[in-house]
Amino acid sequence: DAGVIQSPRHEVTEMGQEVTLRCKPISGHDYLFWYRQTMMRGLELLIYFNNNVPIDDSGMPEDRFSAKMPNASFSTLKIQPSEPRDSAVYFCASSYSGLSNQPQHFGDGTRLSIL
Amino acid sequence: AQSVTQLGSHVSVSEGALVLLRCNYSSSVPPYLFWYVQYPNQGLQLLLKYTTGATLVKGINGFEAEFKKSETSFHLTKPSAHMSDAAEYFCAVTTNFNKFYFGSGTKLNVKP
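Below is a summary of the structure that appears in this document. As the structure is a prediction and not an experimental result, all values here were calculated from the model.

The rules behind these values
- Residues numbered from 1 in each chain as written.
- Chains lettered and ligands numbered in written order.
- Predicted model: local features only at pLDDT ≥ 70, side-chain atom pairs only at ≥ 80, totals over all residues.
- Heavy atoms only, no water.
- Helix = DSSP H or I, 4+ residues; strand = E, 2+ residues; numbered from the N terminus.
- Rg over C-alpha atoms; globule rule 2.2 N^0.38 Å.
- Buried < 20%, exposed > 50% of the residue type's maximum accessible area, 1.4 Å probe, protein only.
- Contact = heavy atoms within 4.5 Å.
- Areas by Shrake-Rupley, 256 points an atom, 1.4 Å probe, with all protein chains shown as cover.
- Polar contact = N/O pair within 3.5 Å; in protein donor to acceptor, adjacent residues only side chain to side chain.
- Phe/Tyr/Trp six-rings, centres within 6.5 Å; stacked < 30°, edge-to-face > 60°.
- Disulfide = S-S within 2.5 Å.
- Buried area = accessible area lost by both parts, 1.4 Å probe.
- Salt bridge = Lys/Arg side-chain N within 4 Å of Asp/Glu carboxyl O.
- Pairing = 2+ DSSP bridges.

### Comments concerning the overall build of chain B
Counting secondary structure elements, chain B contains zero helices and twelve strands. Its helices and strands in sequence order give chain B the pattern β-β-β-β-β-β-β-β-β-β-β-β, from N to C terminus. Taking 112 residues into account, the globule formula puts the C-alpha radius of gyration at 13 Å, and chain B, at 13 Å, falls close to it. When its C-alpha atoms are laid out on the principal axes, chain B stretches across 40 × 30 × 20 Å. The buried share of chain B, taken over its 112 residues, is 46%. For chain B, contacts bridging at least 24 residues in sequence account for 56% of all contacts bridging at least 6. For chain B, the accessible surface area stands at approximately 5,200 Å², while carbon and sulfur atoms represent 53% of it.

Listed below in structure tokens is the structure:
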């Protein structure tokens, strides 16, 4: 079975540029999560969706960050304009609420470097 | 609200030695607890989970963890470490399978 798919795996860009990270959750999963991982702050939840609707975006650091989920099989996390302090690994995860005891499944992440 | 504390950001053991990674949680309602493992340049993979029932849960790669409500702990153990166990381990808690709260992680180093 295909897992959570993230693209690109690596992104290097200059500050001020727009960055778009993409995620395809596991088919049938109704929850989608975006996390950011850094050495200093560890794993932080940015935002999560249920049935394509944003439920909690309290972890989004600033207005420069936005996330969308136009359909059940695709989500984007956008940073505009990007800054060097946004450099991190960004993970997408998905889960299914229809069965009890279901964990979150993670993608392999996007390693973002802002120069 | 829930939270997780992992004691020890780095743990080093010799190959063949016992692995013990500590996790304490805070939750006002019965929690569901998880351990994830992260290998370099990869995402987090589920190692094991406690939801209900038996408090000693077994996971992949010979790992197990015991839920101790009185101690609010969910420590991860493995009797004999392998070189391939070197990775970062995360403990997580949730009460509704929506929002997971992750610990800060423990990097396990296995010495030959």
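Still more ground to cover, so stick around.
### A word on the environment of Glu44(A)
Residue and element names in this part refer to chain A. In this fold, Glu44 is placed in strand β5 (residues 42-50). Apart from the residues lying within four places of it in its own chain, the contact partners of Glu44 are Trp34, Tyr35 and Arg36. A polar side-chain atom of Glu44 sits 2.8 Å from a polar atom in the side chain of Arg41.

### Notes on the packing of aromatic side chains
Inspection of the entire model under this criterion finds 16 aromatic pairs over all chains. Taking 5.8 Å as the distance between ring centres and 85 degrees as the angle between the ring planes, the aromatic pair formed by Phe106(A) and Phe102(B) counts as edge-to-face. Placement of the pair is Phe106(A) in strand β10 (residues 105-106) and Phe102(B) in strand β11 (residues 101-102), with the two residues belonging to separate chains. Exposure class is identical for Phe106(A) and Phe102(B). Each is buried.

### Structural notes on the state of the cysteines
Residues and elements named next belong to chain A. Taken as a whole and judged by the stated rule, the model has two disulfides over all chains. Between the sulfur of Cys23 and that of Cys92 lies a disulfide, 1.9 Å long from S to S. One quick way to see it: the torsion about the S-S bond of Cys23 and Cys92 is about -70 degrees, and its sign makes the bridge left-handed. A residue pair is termed long-range when its members are at least 10 positions apart, and Cys23 in strand β3 (residues 19-24) and Cys92 in strand β9 (residues 88-95) qualify at 69 residues. With respect to class, Cys23 is no different from Cys92; both count as buried.

### A short note on the interface of chain A and chain B
On the side of chain B, 17 residues touch chain A, which itself brings 21 residues to the contact. For the pair chain A and chain B, the two sides together bury roughly 1,600 Å², of which 51% comes from carbon and sulfur. At the surface where chain A touches chain B, the tally comes to one salt bridge. Two residues, Lys99(B) and Asp56(A), come together in a salt bridge whose shortest N-O distance is 2.8 Å. Taken together, chain A and chain B are joined by five residue pairs in polar contact (both at pLDDT 80 or more).

### Some remarks on the pairing of strand β5 (residues 32-38) of chain B
Residue and element names in this part refer to chain B. Burial analysis of β5 places six of its seven residues in the buried class, which makes it a mostly covered element. In this structure, β5 lies alongside strand β10 (residues 87-94), joined through seven bridges in antiparallel fashion. From the neighbouring strand, Tyr36 faces β10, where its bridge partner is Phe90. Where β5 and strand β6 (residues 44-50) come together, six bridges link them in antiparallel fashion. Bridge pairing in β6 links Tyr36 to Leu46. Linking β5 back to β6 in an antiparallel pair, the connection comprises five residues, with Asn41 at a positive phi of about 60 degrees.

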